[in-house]
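Listed here are the chains, written in short residue letters.
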Amino acid sequence: MSTTLPPLATVADLAGWLQRAPEELPESAALVLDTASAVVRAEAGQRFTRGTTTVAVVPRGSVALLPQRPVIAVQLVRRGGMVLPAEDYRLWRDELHFRQLGFGPAYVTYTHGYAEVPPDVRALVLTLAGRVLTNPRDLRQESAGSVSVTYAAETIGASLAPVERDALARYRRRAAVLPLGGGWPW
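Definitions and limits used
Residues numbered from 1 in each chain as written. Predicted model: local features only at pLDDT ≥ 70, side-chain atom pairs only at ≥ 80, totals over all residues. Heavy atoms only, no water. Pairing = 2+ DSSP bridges. Helix = DSSP H or I, 4+ residues; strand = E, 2+ residues; numbered from the N terminus. Axes fitted to C-alpha atoms, helices over the stretch in contact; angles between N-to-C directions. Parallel < 35°, antiparallel > 145°, perpendicular 65-115°, else oblique. Left-handed = near helix turned anticlockwise from the far one by under 90°. Contact = heavy atoms within 4.5 Å. Nonpolar A, V, L, I, M, F, W, Y, C, P; charged D, E, K, R; others polar.

Peer 1: Looking at this model, I keep getting lost on the sheet that holds strand β2 (residues 63-65). Mind explaining?
Peer 2: Across the sheet, which stays open at both edges, the three strands sit in the order β2-β6-β5 with antiparallel pairing between neighbours. Among the strands making up the open sheet, the edge pair consists of β2 and β5 (89-92). For this sheet, the mean angle separating the axes of adjacent strands, direction not counted, is 25 degrees. Relative to strand β6 (residues 95-98), β2 is paired through three bridges, and the arrangement is antiparallel. Its bridge partner being in β6, Ala64 is matched across the sheet by Leu96.

In structure tokens:
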């Protein structure tokens, strides 16, 4: 992701999540949210925030899968050095269906993403950021006198637990489904 993307949650969200006042959070809270957002985006392969992107996609048959979802609108499609008229392709969900088969990539400019970050994604970012702030030195165990605290392995480092990776699976890019017999899907 070459452009700077906003965090998927705010410092105020994080303070509420941790049940603390925003001024009680360390100065690094914004950095932690940026990092947690980048980890979640990388795992899901999605930006989540609304934006416009130009990508090169190689159609399989007459179908090209656009990588960022949800797709809001397609502004421009170029193929073979020519801008295609809108009647030569159709958008169906996150798939671009071409009227004619062709070879090589298509360059697509499209708008994608959510108007608001999905609550489950925001929860994962806040959970990860909260873990980093709760255990900033990545300790496995610490003791002071007769008090001993042991942290779960999932609380060490800015990484996602398997259950959190599984929760992001629904956002990951999926394979394109090609209709048998060709034709348009509508």
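Anyway, onward from the coordinates.
Peer 1: Help me out: how do you make sense of unusual backbone geometry in this one?
Peer 2: Across the chain, the bulk of peptide bonds are trans and the bulk of non-glycine residues have phi less than zero. Of the consecutive residues Arg69 and Pro70, the connecting peptide bond is found in the cis state with omega at -15 degrees. The backbone of Gln19 sits at a positive phi, close to 55 degrees, despite the residue not being glycine. Turning to its location among the elements, Gln19 is positioned in the loop between α1 (11-17) and α2 (29-44). The residue Phe48 is not glycine, and still its phi comes out positive at about 70 degrees. Relative to the helices and strands, Phe48 resides in the loop between α2 and β1 (51-57).

Peer 1: Got a minute to help me understand the sheet that holds β1 in this structure?
Peer 2: The strands that make up a sheet are held in pairs by hydrogen bonds between backbone atoms, and each pair lies either parallel or antiparallel. Spatially, β1-β7-β3-β4 is the arrangement adopted by the four strands of the open sheet, whose pairing is antiparallel. Single-partner strands in this sheet number two, and they are β1 and β4 (82-83). Of the strand pairs in this sheet, strand β3 (residues 71-79) and strand β7 (residues 106-112) are connected by seven bridges, and their pairing is antiparallel. Bridge pairing in β7 places Arg79 opposite Ala106.

Peer 1: What exactly am I supposed to notice about the packing of α2 against helix α3 (residues 119-134) here?
Peer 2: Two numbers describe a pair of packed helices, the interaxial angle and the distance between the axes. Close contact between α2 and α3 brings their axes to 9 Å; oriented N to C, the two are set at 130 degrees. Judged by the angle between their axes, α2 and α3 are oblique. In the crossing of α2 with α3, the sense of the turn from one axis to the other is right-handed. Between α2, through Ala29, Val32, Leu33, Ala36, Ser37, Val39 and Val40, and α3, the contact on the second element is made entirely by Val121, Leu124, Val125, Leu126, Leu128, Ala129, Val132 and Leu133. Considering only residue class, the contact of α2 with α3 consists of 14 nonpolar, one polar and no charged.

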